[in-house]
Amino acid sequence: MEAYDELLRWASKQGIEVHGIEAKRIPGRGIGIVASKDLKANERLIYVPAASLRTLTTVRPEILKALPPPAPKYKGTPVHALLAAELLLETPTIKKKYAPWHAVVPTRDDILSTLPLAWPTSDHEKLHSLLPYAARAHLTKQKAKFEKDWQLTRDVLLPKLSLSPKGRYSKQEFLYHWLLVNTRTFYHETPATERLTKDDKMALQPVADLLNHSDEGCEVTFDTGCYTISADREYKQGEEVYICYGTHSNDFLMVEYGFCPEENKWDEVCIDEVVLEEMSTARKKWLDGRDFLGKYLIDERNLTGCYRTRVALMLLCTSRGQWERWVDEGEDGGGEVQKMVDRIMVRVLEKYMKRCMEAIGELEGCGPSGEMVLRRWRQIKRLVEKSLEELKVEDN
(Lines give C-alpha, C1' and ligand atoms only; values in the text may rest on other atoms or scores of the structure.)
Protein backbone atom coordinates (compact mmCIF):
# COMPACT_ATOMS: atom_id res chain seq x y z
CA MET A 1 0.00 0.00 0.00
CA GLU A 2 3.06 2.26 -0.07
CA ALA A 3 2.03 3.72 -3.46
CA TYR A 4 -1.32 4.83 -2.02
CA ASP A 5 0.31 6.34 1.05
CA GLU A 6 2.66 8.23 -1.27
CA LEU A 7 -0.36 9.45 -3.29
CA LEU A 8 -1.94 10.88 -0.14
CA ARG A 9 1.30 12.61 0.84
CA TRP A 10 1.58 14.03 -2.69
CA ALA A 11 -2.08 15.09 -2.65
CA SER A 12 -1.57 17.05 0.55
CA LYS A 13 1.17 19.08 -1.16
CA GLN A 14 -1.30 19.89 -3.98
CA GLY A 15 -3.79 21.34 -1.51
CA ILE A 16 -6.01 18.24 -1.51
CA GLU A 17 -7.41 17.54 1.96
CA VAL A 18 -8.28 14.01 3.08
CA HIS A 19 -10.00 13.37 6.40
CA GLY A 20 -10.91 10.12 8.15
CA ILE A 21 -10.36 7.78 5.20
CA GLU A 22 -7.58 5.65 3.75
CA ALA A 23 -6.92 3.39 0.77
CA LYS A 24 -7.18 -0.33 1.45
CA ARG A 25 -7.23 -3.53 -0.56
CA ILE A 26 -10.75 -5.00 -0.63
CA PRO A 27 -10.82 -8.82 -1.06
CA GLY A 28 -12.05 -9.66 -4.55
CA ARG A 29 -12.54 -5.99 -5.47
CA GLY A 30 -9.13 -4.38 -5.68
CA ILE A 31 -8.46 -1.05 -3.99
CA GLY A 32 -11.13 0.98 -2.25
CA ILE A 33 -11.48 3.79 0.27
CA VAL A 34 -12.41 2.85 3.84
CA ALA A 35 -13.09 4.84 7.00
CA SER A 36 -9.94 5.12 9.11
CA LYS A 37 -12.13 6.13 12.05
CA ASP A 38 -15.81 6.35 12.85
CA LEU A 39 -17.34 8.97 10.57
CA LYS A 40 -20.34 11.21 11.14
CA ALA A 41 -22.96 12.02 8.53
CA ASN A 42 -22.06 15.12 6.49
CA GLU A 43 -18.43 14.98 7.64
CA ARG A 44 -16.12 16.31 4.93
CA LEU A 45 -13.88 13.54 3.65
CA ILE A 46 -12.14 14.97 0.57
CA TYR A 47 -11.56 18.53 -0.53
CA VAL A 48 -10.00 19.06 -3.97
CA PRO A 49 -9.16 22.64 -4.99
CA ALA A 50 -9.79 23.49 -8.63
CA ALA A 51 -6.05 24.02 -9.13
CA SER A 52 -5.52 20.27 -8.52
CA LEU A 53 -8.01 19.14 -11.17
CA ARG A 54 -7.01 18.15 -14.69
CA THR A 55 -9.57 19.76 -16.98
CA LEU A 56 -9.93 21.49 -20.34
CA THR A 57 -8.11 24.51 -18.92
CA THR A 58 -5.05 22.44 -17.92
CA VAL A 59 -4.50 20.86 -21.34
CA ARG A 60 -1.21 22.08 -22.80
CA PRO A 61 -1.49 25.01 -25.26
CA GLU A 62 0.24 23.14 -28.10
CA ILE A 63 -2.47 20.44 -27.97
CA LEU A 64 -5.30 22.98 -27.83
CA LYS A 65 -3.85 24.93 -30.76
CA ALA A 66 -3.47 21.81 -32.90
CA LEU A 67 -7.11 20.71 -32.65
CA PRO A 68 -10.48 22.40 -33.24
CA PRO A 69 -11.73 23.78 -29.89
CA PRO A 70 -14.66 22.09 -28.13
CA ALA A 71 -18.00 23.59 -29.12
CA PRO A 72 -21.71 23.16 -28.27
CA LYS A 73 -23.78 20.42 -29.89
CA TYR A 74 -20.88 17.94 -30.08
CA LYS A 75 -18.89 20.09 -32.51
CA GLY A 76 -15.15 20.56 -32.34
CA THR A 77 -12.84 18.30 -30.34
CA PRO A 78 -14.42 16.52 -27.35
CA VAL A 79 -12.87 17.31 -23.97
CA HIS A 80 -12.52 13.54 -23.54
CA ALA A 81 -10.18 13.41 -26.53
CA LEU A 82 -8.19 16.41 -25.30
CA LEU A 83 -7.64 14.92 -21.85
CA ALA A 84 -6.66 11.55 -23.38
CA ALA A 85 -4.19 13.33 -25.67
CA GLU A 86 -2.82 15.25 -22.69
CA LEU A 87 -2.10 11.96 -20.90
CA LEU A 88 -0.69 10.32 -24.03
CA LEU A 89 1.66 13.23 -24.72
CA GLU A 90 2.79 14.03 -21.19
CA THR A 91 6.19 15.66 -21.07
CA PRO A 92 8.79 14.28 -18.62
CA THR A 93 8.12 17.25 -16.32
CA ILE A 94 4.35 16.65 -16.22
CA LYS A 95 4.79 12.89 -15.90
CA LYS A 96 7.08 13.45 -12.90
CA LYS A 97 4.57 15.84 -11.33
CA TYR A 98 1.77 13.26 -11.53
CA ALA A 99 3.95 10.17 -10.88
CA PRO A 100 2.17 9.27 -7.58
CA TRP A 101 -1.18 9.29 -9.41
CA HIS A 102 0.16 7.23 -12.33
CA ALA A 103 1.48 4.68 -9.83
CA VAL A 104 -2.04 3.79 -8.64
CA VAL A 105 -4.25 4.04 -11.74
CA PRO A 106 -5.21 0.78 -13.50
CA THR A 107 -2.43 -0.76 -15.57
CA ARG A 108 -2.74 -1.57 -19.26
CA ASP A 109 -3.41 -5.20 -18.34
CA ASP A 110 -6.19 -4.11 -15.98
CA ILE A 111 -7.84 -2.08 -18.72
CA LEU A 112 -7.43 -4.70 -21.44
CA SER A 113 -8.87 -7.48 -19.31
CA THR A 114 -11.93 -5.69 -17.94
CA LEU A 115 -13.28 -3.17 -20.46
CA PRO A 116 -15.11 -4.58 -23.51
CA LEU A 117 -13.81 -1.87 -25.85
CA ALA A 118 -10.24 -2.97 -25.10
CA TRP A 119 -10.67 -6.73 -25.19
CA PRO A 120 -7.95 -8.37 -27.34
CA THR A 121 -8.87 -9.05 -30.96
CA SER A 122 -8.64 -12.80 -30.41
CA ASP A 123 -11.47 -12.64 -27.87
CA HIS A 124 -13.57 -9.61 -28.65
CA GLU A 125 -15.54 -10.77 -31.67
CA LYS A 126 -17.17 -13.70 -29.90
CA LEU A 127 -17.54 -11.95 -26.55
CA HIS A 128 -18.97 -8.81 -28.14
CA SER A 129 -21.52 -10.91 -30.00
CA LEU A 130 -22.53 -12.53 -26.70
CA LEU A 131 -23.14 -9.26 -24.88
CA PRO A 132 -26.77 -8.52 -23.99
CA TYR A 133 -28.57 -6.21 -26.42
CA ALA A 134 -28.27 -3.04 -24.31
CA ALA A 135 -24.58 -3.62 -23.67
CA ARG A 136 -23.91 -4.24 -27.38
CA ALA A 137 -25.80 -1.10 -28.34
CA HIS A 138 -23.89 1.01 -25.82
CA LEU A 139 -20.56 -0.49 -26.86
CA THR A 140 -21.28 0.40 -30.50
CA LYS A 141 -21.80 4.05 -29.52
CA GLN A 142 -18.69 4.03 -27.33
CA LYS A 143 -16.59 2.56 -30.13
CA ALA A 144 -17.81 5.26 -32.55
CA LYS A 145 -16.80 7.98 -30.05
CA PHE A 146 -13.37 6.46 -29.58
CA GLU A 147 -12.72 6.02 -33.30
CA LYS A 148 -13.65 9.67 -33.94
CA ASP A 149 -11.30 10.83 -31.17
CA TRP A 150 -8.48 8.61 -32.40
CA GLN A 151 -8.94 9.86 -35.97
CA LEU A 152 -8.55 13.46 -34.79
CA THR A 153 -5.45 12.51 -32.82
CA ARG A 154 -3.88 10.44 -35.60
CA ASP A 155 -4.71 12.67 -38.57
CA VAL A 156 -4.53 16.16 -37.04
CA LEU A 157 -2.78 16.34 -33.67
CA LEU A 158 0.18 13.99 -34.14
CA PRO A 159 1.19 15.30 -37.60
CA LYS A 160 1.09 18.91 -36.34
CA LEU A 161 3.42 17.90 -33.51
CA SER A 162 5.64 15.94 -35.94
CA LEU A 163 4.87 12.65 -34.19
CA SER A 164 4.12 9.24 -35.74
CA PRO A 165 1.08 7.16 -34.63
CA LYS A 166 3.33 4.27 -33.63
CA GLY A 167 5.00 2.98 -30.49
CA ARG A 168 4.16 5.19 -27.51
CA TYR A 169 1.73 7.19 -29.69
CA SER A 170 -0.05 4.17 -31.20
CA LYS A 171 -3.79 3.55 -31.30
CA GLN A 172 -3.47 1.03 -28.47
CA GLU A 173 -1.68 3.58 -26.27
CA PHE A 174 -4.29 6.22 -27.05
CA LEU A 175 -7.03 3.70 -26.22
CA TYR A 176 -5.47 3.04 -22.81
CA HIS A 177 -5.37 6.74 -21.94
CA TRP A 178 -8.82 7.35 -23.45
CA LEU A 179 -10.26 4.65 -21.19
CA LEU A 180 -8.44 6.04 -18.16
CA VAL A 181 -10.22 9.33 -18.77
CA ASN A 182 -13.51 7.51 -19.39
CA THR A 183 -13.41 5.58 -16.13
CA ARG A 184 -11.86 8.17 -13.79
CA THR A 185 -13.42 11.54 -14.58
CA PHE A 186 -16.07 13.40 -12.61
CA TYR A 187 -18.74 15.73 -13.92
CA HIS A 188 -17.46 19.29 -13.59
CA GLU A 189 -18.87 22.50 -15.04
CA THR A 190 -16.88 25.73 -15.25
CA PRO A 191 -17.32 29.00 -17.14
CA ALA A 192 -15.09 27.47 -19.85
CA THR A 193 -17.41 24.48 -20.33
CA GLU A 194 -20.90 25.75 -19.39
CA ARG A 195 -21.93 26.09 -23.06
CA LEU A 196 -20.65 22.63 -23.97
CA THR A 197 -22.51 19.32 -23.91
CA LYS A 198 -22.79 17.31 -20.68
CA ASP A 199 -20.19 14.84 -22.00
CA ASP A 200 -17.63 17.66 -22.25
CA LYS A 201 -17.97 18.70 -18.61
CA MET A 202 -15.38 16.42 -17.08
CA ALA A 203 -12.39 16.57 -14.75
CA LEU A 204 -9.76 14.16 -13.50
CA GLN A 205 -9.20 14.43 -9.77
CA PRO A 206 -6.56 12.40 -7.95
CA VAL A 207 -7.57 10.56 -4.73
CA ALA A 208 -11.32 11.06 -5.29
CA ASP A 209 -11.07 8.70 -8.27
CA LEU A 210 -10.20 5.84 -5.89
CA LEU A 211 -13.77 5.74 -4.55
CA ASN A 212 -15.73 2.72 -5.76
CA HIS A 213 -19.35 2.74 -6.92
CA SER A 214 -22.49 1.80 -5.05
CA ASP A 215 -26.23 2.43 -5.53
CA GLU A 216 -25.97 5.18 -2.94
CA GLY A 217 -22.89 6.96 -1.74
CA CYS A 218 -21.27 10.08 -0.43
CA GLU A 219 -22.44 13.52 -1.43
CA VAL A 220 -20.33 15.03 -4.21
CA THR A 221 -20.54 18.80 -4.70
CA PHE A 222 -18.51 21.26 -6.74
CA ASP A 223 -18.23 24.87 -7.77
CA THR A 224 -15.65 26.82 -9.74
CA GLY A 225 -13.27 26.72 -6.77
CA CYS A 226 -13.30 23.13 -5.52
CA TYR A 227 -14.75 19.65 -5.30
CA THR A 228 -16.01 18.39 -1.94
CA ILE A 229 -17.01 14.85 -0.98
CA SER A 230 -18.90 14.42 2.30
CA ALA A 231 -20.18 11.35 4.16
CA ASP A 232 -23.80 10.59 3.29
CA ARG A 233 -24.31 8.75 6.59
CA GLU A 234 -22.42 7.44 9.59
CA TYR A 235 -19.60 4.96 8.84
CA LYS A 236 -17.82 2.62 11.23
CA GLN A 237 -14.04 2.38 11.16
CA GLY A 238 -12.98 -0.07 8.43
CA GLU A 239 -16.25 0.23 6.47
CA GLU A 240 -15.85 0.97 2.76
CA VAL A 241 -16.91 4.44 1.63
CA TYR A 242 -18.54 4.79 -1.79
CA ILE A 243 -19.85 7.30 -4.27
CA CYS A 244 -22.57 6.65 -6.84
CA TYR A 245 -21.39 6.85 -10.46
CA GLY A 246 -25.00 7.40 -11.52
CA THR A 247 -28.33 5.58 -11.78
CA HIS A 248 -27.07 3.13 -14.38
CA SER A 249 -27.96 -0.41 -15.39
CA ASN A 250 -25.40 -3.19 -15.16
CA ASP A 251 -25.11 -3.24 -18.96
CA PHE A 252 -23.95 0.39 -18.84
CA LEU A 253 -21.60 -0.21 -15.90
CA MET A 254 -20.08 -3.25 -17.60
CA VAL A 255 -19.25 -1.36 -20.80
CA GLU A 256 -18.22 1.96 -19.22
CA TYR A 257 -16.40 0.76 -16.09
CA GLY A 258 -15.73 -2.95 -16.46
CA PHE A 259 -17.75 -4.27 -13.53
CA CYS A 260 -21.16 -5.80 -13.02
CA PRO A 261 -22.41 -5.59 -9.39
CA GLU A 262 -24.73 -8.20 -7.94
CA GLU A 263 -26.69 -5.53 -6.07
CA ASN A 264 -27.93 -2.60 -8.17
CA LYS A 265 -31.33 -1.11 -7.51
CA TRP A 266 -31.07 0.83 -10.80
CA ASP A 267 -30.54 -2.29 -12.90
CA GLU A 268 -32.88 -3.02 -15.80
CA VAL A 269 -33.05 -5.37 -18.75
CA CYS A 270 -33.77 -4.17 -22.27
CA ILE A 271 -35.98 -6.57 -24.25
CA ASP A 272 -36.22 -4.55 -27.49
CA GLU A 273 -35.07 -7.43 -29.68
CA VAL A 274 -37.80 -9.86 -28.70
CA VAL A 275 -40.57 -7.26 -28.50
CA LEU A 276 -39.81 -5.83 -31.93
CA GLU A 277 -39.78 -9.33 -33.42
CA GLU A 278 -43.52 -9.36 -32.61
CA MET A 279 -44.10 -6.22 -34.68
CA SER A 280 -44.71 -5.91 -38.41
CA THR A 281 -42.93 -3.19 -40.37
CA ALA A 282 -46.13 -1.13 -40.34
CA ARG A 283 -46.54 -1.43 -36.58
CA LYS A 284 -42.95 -0.34 -36.06
CA LYS A 285 -43.67 2.80 -38.11
CA TRP A 286 -46.79 3.50 -36.04
CA LEU A 287 -44.83 3.07 -32.82
CA ASP A 288 -42.07 5.32 -34.08
CA GLY A 289 -44.60 7.97 -35.08
CA ARG A 290 -45.86 8.13 -31.51
CA ASP A 291 -42.37 7.88 -29.96
CA PHE A 292 -42.98 4.39 -28.59
CA LEU A 293 -40.37 2.52 -30.65
CA GLY A 294 -37.79 0.82 -28.45
CA LYS A 295 -36.58 1.25 -24.87
CA TYR A 296 -38.67 -1.68 -23.66
CA LEU A 297 -37.55 -2.58 -20.15
CA ILE A 298 -38.17 -4.80 -17.17
CA ASP A 299 -36.77 -4.14 -13.71
CA GLU A 300 -37.56 -4.88 -10.06
CA ARG A 301 -40.15 -2.07 -10.01
CA ASN A 302 -41.72 -3.08 -13.33
CA LEU A 303 -41.60 -6.87 -13.46
CA THR A 304 -44.53 -7.04 -15.87
CA GLY A 305 -42.93 -4.51 -18.22
CA CYS A 306 -42.42 -0.75 -18.13
CA TYR A 307 -45.10 1.65 -19.39
CA ARG A 308 -43.51 1.92 -22.86
CA THR A 309 -43.41 -1.85 -23.20
CA ARG A 310 -47.02 -2.37 -22.27
CA VAL A 311 -48.25 0.48 -24.48
CA ALA A 312 -46.33 -1.01 -27.42
CA LEU A 313 -47.78 -4.48 -26.84
CA MET A 314 -51.31 -3.05 -26.68
CA LEU A 315 -50.88 -2.41 -30.41
CA LEU A 316 -50.96 -6.20 -30.91
CA CYS A 317 -54.34 -6.38 -29.17
CA THR A 318 -56.42 -3.96 -31.24
CA SER A 319 -56.59 -1.81 -34.37
CA ARG A 320 -54.26 1.10 -34.99
CA GLY A 321 -57.12 3.59 -34.62
CA GLN A 322 -58.21 2.24 -31.24
CA TRP A 323 -54.60 2.10 -30.03
CA GLU A 324 -54.06 5.71 -31.09
CA ARG A 325 -57.15 6.76 -29.12
CA TRP A 326 -55.92 4.89 -26.02
CA VAL A 327 -52.53 6.60 -26.32
CA ASP A 328 -54.15 10.03 -26.76
CA GLU A 329 -56.43 9.53 -23.75
CA GLY A 330 -53.85 7.79 -21.55
CA GLU A 331 -55.99 4.64 -21.25
CA ASP A 332 -54.83 1.03 -20.91
CA GLY A 333 -57.70 -0.61 -22.80
CA GLY A 334 -59.20 -2.22 -19.71
CA GLY A 335 -58.73 -5.51 -17.88
CA GLU A 336 -59.18 -7.86 -20.84
CA VAL A 337 -56.65 -5.98 -22.96
CA GLN A 338 -54.15 -5.98 -20.09
CA LYS A 339 -54.58 -9.75 -19.71
CA MET A 340 -53.77 -10.09 -23.42
CA VAL A 341 -50.68 -7.91 -22.91
CA ASP A 342 -49.64 -10.16 -20.00
CA ARG A 343 -49.92 -13.25 -22.18
CA ILE A 344 -47.84 -11.60 -24.93
CA MET A 345 -45.26 -10.60 -22.33
CA VAL A 346 -45.03 -14.22 -21.18
CA ARG A 347 -44.44 -15.35 -24.76
CA VAL A 348 -41.84 -12.63 -25.33
CA LEU A 349 -39.97 -13.34 -22.09
CA GLU A 350 -39.99 -17.12 -22.63
CA LYS A 351 -38.33 -16.47 -25.98
CA TYR A 352 -35.82 -14.20 -24.26
CA MET A 353 -35.18 -16.83 -21.60
CA LYS A 354 -34.11 -19.26 -24.33
CA ARG A 355 -31.56 -16.71 -25.53
CA CYS A 356 -30.34 -16.27 -21.97
CA MET A 357 -29.72 -20.00 -21.68
CA GLU A 358 -28.01 -20.17 -25.07
CA ALA A 359 -25.67 -17.31 -24.14
CA ILE A 360 -24.92 -18.84 -20.74
CA GLY A 361 -24.14 -22.17 -22.39
CA GLU A 362 -21.65 -20.57 -24.80
CA LEU A 363 -20.02 -18.40 -22.15
CA GLU A 364 -19.46 -21.27 -19.75
CA GLY A 365 -16.78 -22.47 -22.15
CA CYS A 366 -15.09 -19.08 -22.63
CA GLY A 367 -12.85 -19.21 -19.56
CA PRO A 368 -11.81 -16.13 -17.52
CA SER A 369 -12.32 -13.67 -20.38
CA GLY A 370 -16.06 -14.36 -20.44
CA GLU A 371 -16.71 -14.38 -16.68
CA MET A 372 -18.15 -10.88 -16.46
CA VAL A 373 -20.48 -11.39 -19.43
CA LEU A 374 -21.55 -14.75 -18.00
CA ARG A 375 -22.30 -13.07 -14.66
CA ARG A 376 -24.43 -10.49 -16.47
CA TRP A 377 -26.50 -13.07 -18.31
CA ARG A 378 -27.11 -14.94 -15.06
CA GLN A 379 -28.37 -11.70 -13.51
CA ILE A 380 -30.67 -11.20 -16.48
CA LYS A 381 -31.92 -14.78 -16.18
CA ARG A 382 -32.88 -14.23 -12.55
CA LEU A 383 -34.80 -11.06 -13.37
CA VAL A 384 -36.62 -12.67 -16.30
CA GLU A 385 -37.59 -15.60 -14.06
CA LYS A 386 -39.07 -13.17 -11.52
CA SER A 387 -40.96 -11.37 -14.27
CA LEU A 388 -42.42 -14.59 -15.62
CA GLU A 389 -43.44 -15.67 -12.14
CA GLU A 390 -45.17 -12.32 -11.55
CA LEU A 391 -46.97 -12.42 -14.90
CA LYS A 392 -48.20 -15.98 -14.40
CA VAL A 393 -49.52 -15.14 -10.92
CA GLU A 394 -51.46 -12.17 -12.32
CA ASP A 395 -52.88 -14.36 -15.10
CA ASN A 396 -54.38 -16.81 -12.60
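Residues numbered from 1 in each chain as written. Predicted model: local features only at pLDDT ≥ 70, side-chain atom pairs only at ≥ 80, totals over all residues. Heavy atoms only, no water.

Under an unreviewed UniProt entry, the name given to the chain is SET domain-containing protein, and the source organism is Podospora bellae-mahoneyi.

Undergrad: I tried to follow the sheet that holds strand E4 (residues 44-49) on my own but got confused; where do I start?
TA: Within a sheet, neighbouring strands are paired by backbone hydrogen bonds and run either parallel or antiparallel to one another. If you trace the four strands from one edge of the open sheet to the other, you get E1-E4-E9-E8, paired in antiparallel fashion. What marks the edges here is a single partner per strand, and that holds for strand E1 (17-18) and strand E8 (219-222). (Pairing = 2+ DSSP bridges. Helix = DSSP H or I, 4+ residues; strand = E, 2+ residues; numbered from the N terminus.)

Undergrad: Looking at this model, I keep getting lost on the pattern of salt bridges. Mind explaining?
TA: Note that side chains of opposite charge can pair when their charged atoms are close. The final tally for this structure, using the stated rule, is 33 salt bridges. Salt-bridge contacts for Arg54 lead to Glu86; the nearest nitrogen and oxygen are separated by 3.8 Å. Linking Arg54 in the loop between E4 and helix H2 (61-66) with Glu86 in helix H3 (residues 79-88), this pair joins segments that are 32 residues apart in sequence. Across the pair, Glu86 and Arg54 agree in class, each one buried. Taken together, the shared-partner salt bridges in this structure form one network comprising Arg54, Arg60, Glu62, Glu86, Glu90 and Lys95. (Salt bridge = Lys/Arg side-chain N within 4 Å of Asp/Glu carboxyl O. Buried < 20%, exposed > 50% of the residue type's maximum accessible area, 1.4 Å probe, protein only.)

Undergrad: I would appreciate a short explanation of the side chain of Glu86 in the present structure.
TA: Its relative accessible area of 4% is what places Glu86 among the buried residues. A polar contact of 3.1 Å, which involves the side chain of Glu86, links it to the backbone nitrogen of Arg60. Apart from the residues lying within four places of it in its own chain, the contact partners of Glu86 are Arg54, Thr58, Val59, Arg60, Ile63 and Ile94. (Polar contact = N/O pair within 3.5 Å; in protein donor to acceptor, adjacent residues only side chain to side chain. Contact = heavy atoms within 4.5 Å.)

Undergrad: Help me understand the pairing of strand E3 (residues 30-35) in this model?
TA: Successive side chains on a regular strand alternate, one facing one side of the sheet and the next facing the other. Counting buried residues in E3 gives five out of six residues, a clear majority hidden from the surface. Relative to E3, strand E2 (residues 21-26) runs antiparallel, the two being bridged by six bridges. From the neighbouring strand, Ile21 faces E3, where its bridge partner is Ala35. In terms of strand pairing, E3 meets strand E10 (residues 240-243) through two bridges, oriented antiparallel. Note that in E10 the partner of Val34 across the bridge is Glu240.

Undergrad: Just to check I follow, could you spell out the environment of Asp342 for this structure?
TA: Secondary-structure assignment places Asp342 in helix H15 (residues 335-363). By relative accessible area, Asp342 is classed as buried at 7%. For the pair Asp342 and Arg290, spaced 52 residues apart in sequence, the C-alpha to C-alpha distance is 22 Å. For Asp342, the side chain forms a polar contact with the side chain of Arg310, separated by 2.8 Å.

Undergrad: Help me understand the packing of aromatic side chains, please; the structure alone is not making it clear to me.
TA: Aromatic ring pairs are described here by two measures, namely the spacing of the ring centres and the angle between the planes. Under the defined criterion, the tally for this structure stands at 13 aromatic pairs. Here the aromatic rings of Tyr245 and Phe259 are separated by 6.2 Å at their centres, their planes lie at 65°, and the arrangement is edge-to-face. On the criterion of sequence distance, the pair formed by Tyr245 in the loop between E10 and helix H10 (250-257) and Phe259 in the loop between H10 and strand E11 (269-270) is long-range, its members being 14 residues apart. Note on Phe259: relative accessible area 26%, which makes it partly exposed. Through pairs of rings, three or more aromatic residues link up here, namely Phe146, Trp150, Phe174 and Trp178. (Phe/Tyr/Trp six-rings, centres within 6.5 Å; stacked < 30°, edge-to-face > 60°.)

Undergrad: Can you help me understand unusual backbone geometry in this one?
TA: It is generally the case that most residues other than glycine have a negative phi and that most peptide bonds are trans. One non-glycine residue, Asn42, lies in the positive phi region at around 75°. Position of Asn42 relative to the elements: it lies in the loop between E3 and E4. One non-glycine residue, Val207, lies in positive phi territory at about 80°. Looking at where Val207 falls in the secondary structure, it is placed in the loop between strand E6 (202-204) and strand E7 (212-213).

Undergrad: What's the story with the side chain of Asp251 in this structure? I'm lost.
TA: The topology assignment puts Asp251 in helix H10. Apart from residues no more than four positions distant in its own chain, Asp251 is found in contact with Pro132, Ala134, Ala135, Glu268 and Arg376.

Undergrad: I'm lost on H10 in this one. Help?
TA: Helical periodicity: at 3.6 residues per turn, an α-helix aligns residues three or four positions apart in one direction. In terms of burial, H10 is a largely internal element, six of the eight residues being buried. For H10, the full list of buried residues reads Asn250, Asp251, Leu253, Met254, Val255 and Glu256.

Undergrad: Before we go on, may I ask you to explain the nonpolar core in this structure?
TA: Where a protein is soluble and globular, its nonpolar side chains tend to be buried together. By size, the foremost hydrophobic cluster in this structure holds 118 residues, and its most contacted members are Ile46, Val241, Ile271, Tyr352 and Trp377. With 13 residues, H15 is the largest single contributor of residues to this core. Excluding residues that lie within four positions of it along the chain, Tyr352 makes contacts with Val269, Cys270, Ile271, Val274, Trp377, Ile380 and Val384. (Core = buried A, V, L, I, M, F, W, Y, C linked by side-chain atoms within 4.5 Å.)

Undergrad: For this particular structure, what's the right way to read the sheet that holds E7?
TA: Here we have four strands laid out as an open sheet, ordered E2-E3-E10-E7, and mixed in their pairing. With partners counted over all chains shown, the strands left at the sheet margins are E2 and E7, one partner each.

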